[in-house]
Amino acid sequence: MSLPSITAVAQEKGINLGGLLSAEQQESVLVEAMRRDLGPALDLLHRKAHEAQNNGGHADWLEDPSSEIGKQLTRIHAGDALRSLASKHFCHGLQLSFFNCCKGVVGKPPAEPMLVQIQCQAGPIAYSDC
């Protein structure tokens, strides 16, 4: 499960997950669950956001997808909701891009994203069986 603390967060906030939730409640629950369950990956993305702000617009990362942080990064990037919340709440609004299963960019995406995807599948960045 990507965010096992959702139930506990909702209970602490007095939010009934079985009822109708406002957009604000949904965001509040997800962001706090992300903090609890995906902390190391969010810390990395936050650091990369600052790096991107300081170097003209983007910062790359490359992580083993089988590592704890690699699995967390995949969870964040795999769905639109978590990716957009990570951008908004943890990366100062910078765009998050994800390639293959192991590489990402915080900030301005690469000029040739298809080439990066190919290079993540067949070298020189990574390989399809990483």
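Residues numbered from 1 in each chain as written. Predicted model: local features only at pLDDT ≥ 70, side-chain atom pairs only at ≥ 80, totals over all residues. Heavy atoms only, no water.

### Points about the environment of Gln 72
As for its placement among the helices and strands, Gln 72 is situated in helix 4 (residues 68-78). Measuring from C-alpha to C-alpha, the distance between Gln 72 and Ser 2 comes to 7.9 Å, with 70 residues separating the pair along the chain. Those residues in contact with Gln 72 that sit more than four places away from it in its chain are Asp 37, Leu 38, Gly 39, Pro 40 and Ala 41. Side-chain polar atoms of Gln 72 contact the backbone nitrogen of Ala 41, separated by 3.1 Å. (Helix = DSSP H or I, 4+ residues; strand = E, 2+ residues; numbered from the N terminus. Contact = heavy atoms within 4.5 Å. Polar contact = N/O pair within 3.5 Å; in protein donor to acceptor, adjacent residues only side chain to side chain.)

### Some details on the pairing of strand 1 (residues 58-62)
Here strand 1 shows a clear split, with Ala 59 and Trp 61 buried on one side and none of His 58, Asp 60 and Leu 62 buried on the other. Judged from the five bridges that link them, strand 1 and strand 3 (residues 103-107) form a sheet pairing that is antiparallel. The residue bridging Ala 59 from the neighbouring strand is Val 106, located in strand 3. (Buried < 20%, exposed > 50% of the residue type's maximum accessible area, 1.4 Å probe, protein only. Pairing = 2+ DSSP bridges.)

### Let's talk about the environment of Leu 38
In this fold, Leu 38 is placed in the loop between helix 2 (23-37) and helix 3 (39-55). Separated by 34 residues in sequence, Leu 38 and Gln 72 have C-alpha atoms that sit 5.8 Å apart.

On their own, these measurements won't tell you what the molecule is for.
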